[in-house]
Amino acid sequence: MHASARFMTTQLGSGQAGGLQDSLAYSAFFALRAFYVELATVQEAVSNPMIGKMRMQFWRDAVKSVSDGNPSKHPIALALYDATQKVKLPSYHLKRIIDARDAELYTPTHMTLDSLLAHAESTSSTFNYLLLSMLSLSSSEQLSHAASHLGVSQTIGTLLRSLPYHAKSGRMVIPAEITAKHGVNQEEVFRYGGEAKGVDDAVFEFATVANDHLITAREMFKETGGKVPDRARPVFLSAIPNALYLERLEQVNFDAFHPSLQMKTWKLPWRVWTGYYSGRF
């Protein structure tokens, strides 16, 4: 089971019978995760942006139907509706993710770092806000601030992990502002991967931004020795795979194309387990 889901079961189901708490946590967490993944994969699944925009409109209508109490028959929409009957999932957060993914259809690459950070805030960070809301923690400025920075770090980490895949498809995921600074020729990256001139320097700068946001998220808990409150841990456990990837990337001198980065590591289950019980990410 996903570690975040397991811990969320405990937090959401506190004081309830075991079977009910499991059902509540699973339906809410996995419904939201399915919604998020569905939107994130639209760009790759459609043959042209117009079809993608039609699918985004479907999801706008689906979210509205969930809010109106008359969900569409799509399995994810039904699961979201079921979840909203048990936990709080503000529709404006769901709509914000849709709008961000919609805008991405016509501008799949980012010219500036600021543009990408804004996109991260509207997707990964907003997903984290929804998780906080599920746990009735959205009113905490400390947790929301940490979740915002965590989301930015997660977005950049995900893009760096996927750089080899997207390069093969002729798409550069590092903002043009950064690649231009280091003299990166995108065509060379598409052809030669990590051997392209300046790409390792561009990866280093991009990864540094991700690490800075991760550090800022951790610093929000310095008064508790870096420990996240028990009830909020499900949200921040997802930082662990991202943190481990950034560490591994540094170990290979920021060669995002290094084969070892595409392989699983035994350290991940251990780090998730220790984070689960220590409260640190």
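Residues numbered from 1 in each chain as written. Predicted model: local features only at pLDDT ≥ 70, side-chain atom pairs only at ≥ 80, totals over all residues. Heavy atoms only, no water.

Overview of the environment of G157
If you trace the backbone, G157 turns up in helix α8 (residues 141–161). Separated by 92 residues in the primary sequence, G157 and L249 have C-alpha atoms spaced 9.9 Å apart. If near-sequence neighbours (up to four positions away) are discounted, G157 is found in contact with N242 and Y245. (Helix = DSSP H or I, 4+ residues; strand = E, 2+ residues; numbered from the N terminus. Contact = heavy atoms within 4.5 Å.)

Overview of the environment of R231
With respect to the helices and strands, R231 occurs in the loop between α12 (199–219) and α13 (233–236). On the basis of relative accessible area, R231 is assigned to the partly exposed category, the value being 31%. As for R231 and K88, which are separated by 143 residues in sequence, their C-alpha atoms are 15 Å apart. Polar contacts involving the side chain of R231 include one to the main-chain carbonyl oxygen of L135, which spans 3.0 Å. (Buried < 20%, exposed > 50% of the residue type's maximum accessible area, 1.4 Å probe, protein only. Polar contact = N/O pair within 3.5 Å; in protein donor to acceptor, adjacent residues only side chain to side chain.)

Brief notes about the packing of helix α4 (residues 49–67) against helix α5 (residues 75–84)
One can describe the packing of α4 onto α5 by two numbers: an axis separation of 9 Å at closest approach and a directional angle of 35 degrees. Crossing angle aside, the handedness with which α4 passes α5 is right-handed. Residue-level contacts link W59, A62 and V66 of α4 to I76, A77, L80, Y81 and T84 of α5. By residue class, the composition of the contact of α4 with α5 is seven nonpolar, one polar and no charged. (Axes fitted to C-alpha atoms, helices over the stretch in contact; angles between N-to-C directions. Left-handed = near helix turned anticlockwise from the far one by under 90°. Nonpolar A, V, L, I, M, F, W, Y, C, P; charged D, E, K, R; others polar.)

Section: the confidence of the model for the chain
When the pLDDT values of the chain are averaged, the result is 91; 91% of them are 70 or greater. Mean pLDDT in the chain bottoms out at helix α1 (residues 3–12), which sits at 54, and peaks at α12, which reaches 98. Low pLDDT, under 50, characterises residues 13–22; the predicted model gives this stretch six contacts beyond four residues in sequence or across chains. (pLDDT = per-residue confidence, 0-100.)

A few points about the nonpolar core
Core analysis: the largest hydrophobic core is formed by 80 residues, its most contacted members being F35, V203, F206, F236, L249 and F281. Not counting chain neighbours up to four residues away, the residues in contact with F281 comprise L214, A217, R218, F221, V228, F236, A239, I240 and A243. (Core = buried A, V, L, I, M, F, W, Y, C linked by side-chain atoms within 4.5 Å.)

With respect to the side chain of S122
Mapping S122 onto the fold places it in helix α7 (residues 113–134). Residue S122 is classed as buried on the basis of its relative accessible area, which comes to 15%. Once residues lying within four places of it in the same chain are set aside, the contact partners of S122 are R96, I97 and A100.

As for the packing of aromatic side chains
Across all of its chains, the model carries 11 aromatic pairs by this definition. A ring pair is formed by F29 and F30, whose centres lie 5.2 Å apart and whose planes are at 80 degrees; its orientation type is edge-to-face. Note on Y276 and Y277: the rings are 4.6 Å apart at their centroids and 80 degrees apart in plane angle, and the pair reads as edge-to-face. Using a relative accessible area of 11% as the deciding quantity, one classes Y276 as buried. Among the aromatic side chains, those forming a connected cluster through ring pairs are W270, W273, Y276 and Y277. R101 extends its terminal NZ or CZ atom over the ring of Y36, reaching a point 5.6 Å from the ring centre. The residue whose ring lies beneath R161 is Y245, and the NZ or CZ to ring-centre distance is 5.5 Å. (Phe/Tyr/Trp six-rings, centres within 6.5 Å; stacked < 30°, edge-to-face > 60°. Lys NZ or Arg CZ within 6 Å of the ring centre and 35° of its normal.)

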